[in-house]
Amino acid sequence: WIDILDATEVSYDPPSGIQVDTWYQLITTSTLYGHPCSAVSESMLVDVNELDSGSIDSDQTLCLGGDPSILNFMEPPVGEGALSFQWQLSVSEIGPWLNIPGATSPSYDPPGPLNVSVYYRVLVTSTMNGVACSEGTGPVFIEVVPDPLIYTEPIDFQELCVGGQLELPLMVQS
């Protein structure tokens, strides 16, 4: 056991930001006629609800009106408590993040067709002894790109043999 500097009151409020499980005990000392008598309390555990939200699939690129693939965890989340999930979306990589109603499973199938680019992430919550700790995964970007435009120039009538080749002047703009 290590004494805590300036912790000499009847109560003690541990500092925020504790990263590991930590045990505490109270030693009460009374001095009567110059003789100290000490009593030690039962030990108390501050159990840190550790959470790693994991990571989800990589970015996707779709044509306008495309249907994104199902999003899954690549690295599963780890928490000391019971895990729950809330999928979120945003039009910006940094948020604000909006909860997707009913999207509370470990995987999510974004609806298609998509006409705009969007970011998705999962807010993972670990609940232990009634205390909930939440952490969002890094986002996945679903980029919607416009369909390419293909231009042809008119050509004069040509006759071809079976299996012959026709060269068409094309211009592709994406």
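Conventions we followed
Residues numbered from 1 in each chain as written. Predicted model: local features only at pLDDT ≥ 70, side-chain atom pairs only at ≥ 80, totals over all residues. Heavy atoms only, no water. Core = buried A, V, L, I, M, F, W, Y, C linked by side-chain atoms within 4.5 Å. Buried < 20%, exposed > 50% of the residue type's maximum accessible area, 1.4 Å probe, protein only. Helix = DSSP H or I, 4+ residues; strand = E, 2+ residues; numbered from the N terminus. Contact = heavy atoms within 4.5 Å. Pairing = 2+ DSSP bridges. Patch = residues over 30% accessible without salt bridge, like charges linked within 9 Å, V, L, I, M, F, W, Y side chains within 5 Å. Areas by Shrake-Rupley, 256 points an atom, 1.4 Å probe, with all protein chains shown as cover. Salt bridge = Lys/Arg side-chain N within 4 Å of Asp/Glu carboxyl O. Lys, Arg positive; Asp, Glu negative; His and termini not counted. Charge placed at Lys NZ, Arg CZ, Asp CG, Glu CD.

Our next topic: the nonpolar core. Ranked by internal contacts, the top residues of the largest apolar core, which has 18 residues, are Trp87, Tyr120, Val122 and Ile142. At four residues, strand 12 (residues 118–128) tops the list of elements feeding residues into this core. Setting aside its immediate chain neighbours within four residues, Ile142 contacts Gln60, Leu62, Pro68, Leu71, Leu114, Ser117, Val118 and Tyr120.

The two faces of the sheet receive side chains in turn, since in a regular strand these alternate between them. Counting buried residues along strand 3 (residues 35–40), only zero of its six residues qualify, which leaves the element largely exposed. Bridge count between strand 2 (residues 27–32) and strand 3: six bridges; the pairing is antiparallel. If you follow Ser30 over to strand 3, its bridge partner there is Cys37. Counting the residues between successive antiparallel strands, the hairpin from strand 2 to strand 3 contains two residues, one of them, Tyr33, with a positive phi of roughly 55 degrees.

On to a negative patch on the surface, then. Taken together, the side chains of Asp21, Asp47, Glu50 and Glu80 present a region of like negative charge at the surface. The topology assignment puts Asp47 in the loop between strand 4 (44–46) and strand 5 (51–52).

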